[in-house]
Every structure is written in structure tokens, then in C-alpha cells.
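Survey of secondary and tertiary structure
Listed below, chain by chain, are the residues.
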Amino acid sequence: MKGLFGNHLFGAYPAPTSIILVVQFLVILPAKCSATAMFVFGDSLVDSGNNNFIGSIAKANFLPNGVDYPTHAPTGRFCNGKIIPDFLSDYMGASPILPILDPNAKGENLLRGANFASAGVGILDDTGAIFSRRLIMPQQFQLFQQYQRDVTLLIGEAGTKSLISKALFSFTVGGNDYINNYLLPFSTRAKKFTPPRYRQLLISTFREQLKKAYTLGARKVTVSNMGPIGCIPSQLAMSSQNGTCIPAVEQYATDFNSDLRVMLQELNRKLPGATFSYVNGYDMIMDYIKNPALYGFESSNKACCGQGAFNGLFVCTAVSSLCPNRSSYIFWDPFHPTDTVNTLIAKRIFTGPPSDISPVNVSKLLS
Ligand SMILES: *[C@@H]1O[C@H](CO)[C@@H](O)[C@H](O)[C@H]1NC(C)=O
Ligand SMILES: *[C@@H]1O[C@H](CO)[C@@H](O)[C@H](O)[C@H]1NC(C)=O
Ligand SMILES: *[C@@H]1O[C@H](CO)[C@@H](O)[C@H](O)[C@H]1NC(C)=O
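Reading the values: the criteria
Residues numbered from 1 in each chain as written. Chains lettered and ligands numbered in written order. Predicted model: local features only at pLDDT ≥ 70, side-chain atom pairs only at ≥ 80, totals over all residues. Heavy atoms only, no water. Axes fitted to C-alpha atoms, helices over the stretch in contact; angles between N-to-C directions. Helix = DSSP H or I, 4+ residues; strand = E, 2+ residues; numbered from the N terminus. Parallel < 35°, antiparallel > 145°, perpendicular 65-115°, else oblique. Contact = heavy atoms within 4.5 Å. Nonpolar A, V, L, I, M, F, W, Y, C, P; charged D, E, K, R; others polar. Near = heavy atom within 4 Å. Polar contact = N/O pair within 3.5 Å; in protein donor to acceptor, adjacent residues only side chain to side chain. Disulfide = S-S within 2.5 Å. Buried < 20%, exposed > 50% of the residue type's maximum accessible area, 1.4 Å probe, protein only. Pairing = 2+ DSSP bridges.

**Some details on the packing of helix α4 (residues 137-166) against helix α6 (residues 195-215)**
A pair of packed helices is captured by two measures, namely the crossing angle of their axes and the spacing between those axes. Here α4 crosses α6 at 0°, and the two axes come no closer than 11 Å. Classified by the interaxial angle, the pair formed by α4 and α6 is roughly parallel. Contacts from M137, F141 and Q145 in α4 reach Q209, K212 and A213 in α6. Here the contact of α4 with α6 is composed, by residue class, of three nonpolar, two polar and one charged.

Structure below.
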């Protein structure tokens, strides 16, 4: 790990060698520290480009991904435009945080936080193995610990501790444990578990990961529940004749979500000083799927960019069929929402009622 990734971090950043540099640090850094930092962990829903820098086949650094991003260029985000962490940065008045493997993620840029997410990962280490390299959750934590050491060199131990305790932590992971593990015909290890036991394994592993985040200093944490994976175009292409959601797959998500909610309530009771807010992405997206016209969506079960039935086969590439109007689609590609949906969800995460995010929304969490 260190050999592979160490160079991207502070290890390669020249240490201050002159009085002038030291003075600059003293003068400049306190002002920048006042902005709230954000740390993002999880999968392709929130990966802002880490997989660009590793030998993964889960990549989105080619058009038409990014066609509606401010630069109109692909960035590695699995979206036509911005993803939820980008919109949260907007709300927080900050520029988007960088993927931790980005060569620019060093020095002062680190003080805004960093994105550790990696497309293809799940809660379990073996999820997403079909994509080859990816930053599995233990590696995301290892990189966060390296981040803490690097920032300590910049602003000292107390400064780092304060930055982290005030920061927003966000976790979005779990869908791939079904889509790219349990539901795959050749997932022999996962298939040894009955659905309830597999779910218990996911929840208990996730609980340990969230406790680890707490141990590392996280105090303001959002945890996304599992979206309606039985309604995404890739699942529809495989198992739906008429484009309605697959009930058995939906059940995996709703059962997981009930257990996740209870697990977070337990963490809120047991871990003093921390708040884990449950983000109800499932109901938000179902709301759009069930009432598309209400939000200006014409298509609720077809990807904008893809091929085959429901445009749900394979991934979005330059040779895919592309819809003319991205903002009238809920799904960008067979797996991921459009930036129109991401902006709606981010707004609800920031200021929504308890049915969207509980016990508190992000504006309250950060106040
Ligand atoms: C779609 O197909 C499923 C399974 O074949 C069936 O149960 C459902 O009633 C159908 N829905 C519509 C709206 O035709
Ligand atoms: C694209 O779709 C959005 C949402 O339905 C709509 O408001 C807009 O007018 C459409 N744009 C075009 C060029 O059709
Ligand atoms: C978001 O949280 C704040 C603070 O608790 C609260 O005042 C506001 O009403 C919440 N938003 C909604 C829509 O409930």
C-alpha cells in the first residue's frame, strides 16, 4: 500500500526549508482551516476519480461521462455531471474535494478533506473482485490514516484533531455487495450464506468499519442506505420484461436498510459525541421512480447512456446510445443516477426532513 500510494501523499511534498515558508504556513493556514472539511468513503456513487490512478477496469474517465460537468470533460465520476459530494461541497461553500490518489491531493489542498471512495468496492473485501484493482474499505481507511499523518506535518496534532472532529464524514457503500457479489451467478463464497446471514455479515462488517471511523476521529457522519437496486436499468435488462422493479432484489435492499437503521441508532447510543445520520436515498430515488413527471423526468427505468434493453447492458461508453436530454432521465448509466437526481438528493441531505435524513440533516450536523 505505502509503496504504491505513498508518493501521492505528503511524503513527496517538500518539507518547509526556509523561515519564509514556515511563516507562510503560520499566516495562511489558520484562515483556510476555518472551512469545514469533508471525507468521503465508499463506491462508484461517490468516487470522484480515485480509480483513474489504479489498474481497475471500473473506470469512467472517458466521454460521455462528464459531458455536463463544469469542465465538460470526463473526470472519473460515473455521471454526466456532478456527484453528491460535489453538491455538498457547493452547499458548504468549498470547492470539490480531490480524490486522495490525485497527484494534486497534497499540501494545503488536503485541508479541505479528501475523497477515498473507489468504484467497485463493497462492505466486504471480496466484493467487486471482477474489477481487479480497487480501494477496498480497509485500504480506504489506511489511506485516511496516511492522510492524518500528512496533515499533522502541516498543521500539527491539535489542528488535525480539530479539523477531523468538525469535518463531515460520508459513507456510501453496500449496493455492490449484492450487484457485484451476491447476485452474481459465480459468487461462490457469498452464496454459502442464506440471505439473512449474508445481510448480518454485511451489517456487522459495516458496524466495525463505522466504529473504526469513530476511533480515527469521525464525529459527524452520514451513512447512505442502499438504493433501490432492483429498479436500476442493469437489473431490469437482466430480469425484467416490462420495466418494473425486481421484487426479490428490492427485498434485499429494504431488509438491509431496516437493519442498517437499527445499527446506526445503536452506534448513536454507544459512541459518545458522535452523530451517525441515516440518509434515506432509497425512498428519495423511489419517489422519483414512482412520480417521474412530478420532477420533470420522462424516463424512470431506462438509462440515458447504455445499450440493449432499458439501455441497461454493460456500461456507458463512447459507442453507447445517448439520450438527447440528460435532465429528463433518472439514470445516467445502467447503475448510476444523473446529476439532476444527485442535485435533488444533495439538497435533501443538506436541509431535508427526518424522512430524508435522520436524526439530523447535514446543515444541523455541521452547525
Ligand atoms: C410486469 O411483469 C411482472 C412479472 O412478470 C408482473 O408481476 C407485473 O404485474 C407486470 N407489471 C406490469 C405493469 O405489467
Ligand atoms: C430537458 O428536460 C427537462 C426536464 O424534463 C426540461 O425542463 C427541459 O426543457 C428539456 N430540454 C429540452 C431541450 O428539451
Ligand atoms: C434541517 O435541520 C434543521 C436543524 O435541525 C431544521 O431546522 C430544519 O427544519 C431541517 N430541515 C427540515 C426540512 O426538516
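**Quick word on the site of ligand 3**
Residues in close proximity to ligand 3 include T351, G352, P353, N361 and K364, which together make up its full environment. Between ligand 3 and G352 there is a distance of 3.4 Å, counted from a nitrogen atom to a backbone nitrogen or oxygen. Across the shell around ligand 3, the residue classes tally to one nonpolar, three polar and one charged.

**Looking at the state of the cysteines**
Per the stated rule, a full pass over the model turns up three disulfides. A disulfide bridge connects C305 with C316, and the sulfur atoms are separated by 2.1 Å. Across the disulfide from C305 to C316, rotation about the S-S bond amounts to roughly 85°, and the bridge is consequently right-handed. Note that C305 is positioned in strand β7 (residues 305-306) and C316 in the loop between β7 and β8 (321-322), a separation of 11 residues in sequence. Disulfide connectivity for the protein chain, with bonded cysteines indexed by sequence position, reads 1-2, 3-6, 4-5. The cysteine C79 is free of any disulfide, with C316 supplying the nearest cysteine sulfur at 10 Å.

**Some details on the pairing of strand β3 (residues 168-172)**
Counting buried positions along β3 gives five out of five residues, so the element sits mostly inside the fold. Of the two faces of β3, the one holding L168, S170 and T172 and the one holding F169 and F171 are both buried throughout. Note that strand β1 (residues 38-42) and β3 share five bridges and pair parallel. Each bridged residue has a counterpart across the sheet, and for M38 the counterpart in β3 is L168. Pairing geometry for β3 and strand β4 (residues 220-224), over four bridges, is parallel. Bridging from a neighbouring strand, F171 pairs with V223 of β4.

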